[in-house]
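Working through the structure, step by step
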Amino acid sequence: MHALRPLLRQSLFNLLAAALACGALLAPRAASAEALLLIEADSGKVLQAENATIPWYPASVTKIMTAYVTLKAVKDGKLTLDTLLTVSPTAASQSPSKMGFRPGTQLTVDNALKMMMVKSANDMAVVLAEGVGGSIDGFSVLMNDTAQKLGMTQTSYVNPNGLPADGQITSARDLGILARSFLRDLPEYEYFVHIPAIRFGKRVTGNFNKLIGRYPGADGFKTGFICASGYNLVASATRNGRRLIAVVLGANSGTARAVKAAQLLERGFSQDNLTWLRPSLGTVDKLVPVDASPPNLRDDMCGGHRKRPASDDDDALIATNGGTSGSASATGGEAQVTFFTAGLQPPLMKASELMASAPAATEPVLVYTGPTRTGTALIAAVAADADQQATPKPRGKKSRVAKKPDAADKPKDAKTAAAKPDSKPMAAAKPADGKSAAKPAGTKHAAAKPDAAAKPAASGEQAAKPAKPKAATKPAKPANNS
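Residues numbered from 1 in each chain as written. Predicted model: local features only at pLDDT ≥ 70, side-chain atom pairs only at ≥ 80, totals over all residues. Heavy atoms only, no water.

With that settled, consider the overall build of the chain. Scanning the chain from N- to C-terminus turns up 19 helices and 12 strands. Relative to its 482 residues, the chain shows a buried fraction of 47%. (Helix = DSSP H or I, 4+ residues; strand = E, 2+ residues; numbered from the N terminus. Buried < 20%, exposed > 50% of the residue type's maximum accessible area, 1.4 Å probe, protein only.)

Dropping the structure here:
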């Protein structure tokens, strides 16, 4: 009996250690405005789920469905990758991120898909929608019908690009179902979801999905961002023949979402030998939806505390040593799992350092306008796009710069102001003169600009006047909320 006591003690110790490890794996994490999901691509088995069935604004991960519906139409013979589509005024008017083609520009389905999936071009999503569904509304019907057939019961679409709209809703659960369906139903078109970079003319654009070319085995999918949703990412990776899909919704930066996705994937790949400790979470389609309104993260994501406007292409690295600021759900639990499983698996990689590194060197995929071309015709098309791409920019800059000297040279008063600075400030000091001076400025806009430009130090109000148009134009740039 005495001989059995050491064995009993060892057994009890092992049971206690297993219980503690299980508790660490299953302990509820701090509530956060994030949704996380990790599943096996083949089986749909859920490996981790946090807020996975809470409704969410999808932002540009919407474009996974746009690509799915378009490529399904290609597979069914309704059009081909070589089919020419035309940029409509509606497509050209979409907010950035976009290619910025003028209405009437033509390009193939193949090139539009590549631009949409890599650059997250909102105008290309509308070009595809109109080409396949006839209109944005017609394509949205196709998207919603497809979502219902796939079992995406928490999803509804009103546009093909994910720009802000109240009716544009999904969940991490539904995005996991969509990613699985894409890989299962369209394996021959899978390359569209893991193109590292595209080259249009002289401009090279890298994939916003930072895992591509950085995380070992990364092979898809798509990023998304609007102020209301935060930074979203659907990502997949394959290791030793096993493919996992990670969904991150509501991260606080482009780097943070990539770090969280890498941590999820690494955890899934490295804990095969501990699956017996985890209770079965079932398959992704069996997760029970939550009846709630999507969280609106606008204040957190786009409030005045940010040093620069938030966008989908956010390179700010805020993560250190595998964690991210404001990510208790991604780091606190990870530290516990690493502690209790030490010696049973390799330590988790420092995902933040991985995401901060340069991506693997690859040749960008050429994209271009016009019909499908090869050989010398392709080279000529790329060169033509580069020329068109370069000429409008200098013209725009020259015209803006030219207006200022013209305005300064045109009125004779500006010259006298330069020669006699004392007379002008006195005129400006008289309200009546200011009004009378404003009248000719109304008829000749050039007259108003040189006055302010000629005497920046004479008056704070006048010095501020030229800055107001610039301030008015700058907010138009960060309209790229996807």
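Across the sheet, three strands lie side by side as β6-β5-β12; this open sheet has mixed pairing. The sheet is open, and its two edges are formed by β6 (203-206) and β12 (365-367), each paired on a single side. Across this sheet, the average inter-strand angle for adjacent strands is 30 degrees, counted without regard to direction. Judged from the three bridges that link them, strand β5 (residues 197-200) and β12 form a sheet pairing that is parallel. Paired with Phe 200 across the two strands is Val 367, which belongs to β12. The strands touched by helix α12 (residues 375-390) within the sheet are β5, β6 and β12, with β12 carrying the most contacts at an inclination of about 70 degrees. (Pairing = 2+ DSSP bridges. Axes fitted to C-alpha atoms, helices over the stretch in contact; angles between N-to-C directions. Contact = heavy atoms within 4.5 Å.)

A few words now on the sheet that holds strand β7 (residues 218-226). Taken in spatial order, the five strands line up as β2-β1-β9-β8-β7 in an open sheet, and their pairing is antiparallel. Every interior strand has two partners, whereas the edge strands, β2 (46-50) and β7, have only one. Each strand of the sheet is rotated relative to its neighbour by a mean of 5 degrees, with strand direction disregarded. Of the strand pairs in this sheet, strand β1 (residues 35-40) and β2 are connected by four bridges, and their pairing is antiparallel. Paired with Leu 36 across the bridge in β2 is Glu 50. Against the sheet, helix α7 (residues 172-185) makes contact with β1, β7, β8 (230-239) and β9 (242-251), and its axis sits at roughly 145 degrees relative to β9, the strand it touches most. Seen against the sheet, helix α8 (residues 254-270) touches β1, β2, β7, β8 and β9 and runs at an angle of roughly 145 degrees to β9.

Time to look at the packing of aromatic side chains. Evaluated as defined, the whole model comprises five aromatic pairs. Relative to Phe 221, the ring of Phe 182 has its centre 5.8 Å away and its plane inclined at 90 degrees; by these criteria the two rings are edge-to-face. With Phe 182 in helix α7 and Phe 221 in strand β7, the pair connects residues that are 39 residues apart, well separated along the chain. The exposure class assigned to Phe 182 is buried, which follows from its relative accessible area of 1%. Using a relative accessible area of 0% as the deciding quantity, one classes Phe 221 as buried. Three or more aromatic residues link up through ring pairs in this structure, and these residues are Tyr 68, Phe 182 and Phe 221. (Phe/Tyr/Trp six-rings, centres within 6.5 Å; stacked < 30°, edge-to-face > 60°.)

The next point concerns the confidence of the model for the chain. Looking at the chain, the pLDDT average stands at 75 and 61% of residues meet or exceed 70. Taken as a whole, residues 394-479 scores under 50 in pLDDT and shows 32 contacts with residues more than four places along the chain or in a different chain. (pLDDT = per-residue confidence, 0-100.)

This brings us to the packing of helix α2 (residues 62-75) against helix α6 (residues 136-150). Following both chains from N to C, one finds α2 and α6 inclined at 95 degrees, their axes separated by 10 Å at the closest point. When the axes of α2 and α6 are compared, the pair comes out roughly perpendicular. Contacts from Thr 62, Met 65, Thr 66, Tyr 68, Val 69 and Thr 70 of α2 reach α6 at Phe 139, Leu 142, Met 143, Thr 146, Ala 147 and Leu 150. Of the residues in the contact of α2 with α6, the class split is eight nonpolar, four polar and no charged. (Parallel < 35°, antiparallel > 145°, perpendicular 65-115°, else oblique. Nonpolar A, V, L, I, M, F, W, Y, C, P; charged D, E, K, R; others polar.)

Over its 14 residues, α7 runs 20 Å from end to end, which matches the ideal 20 Å to within 8%, given 1.5 Å per residue. Of all 14 residues making up α7, 13 are buried, and the element is well covered by its neighbours. (Expected span 1.5 Å × (residues − 1).)

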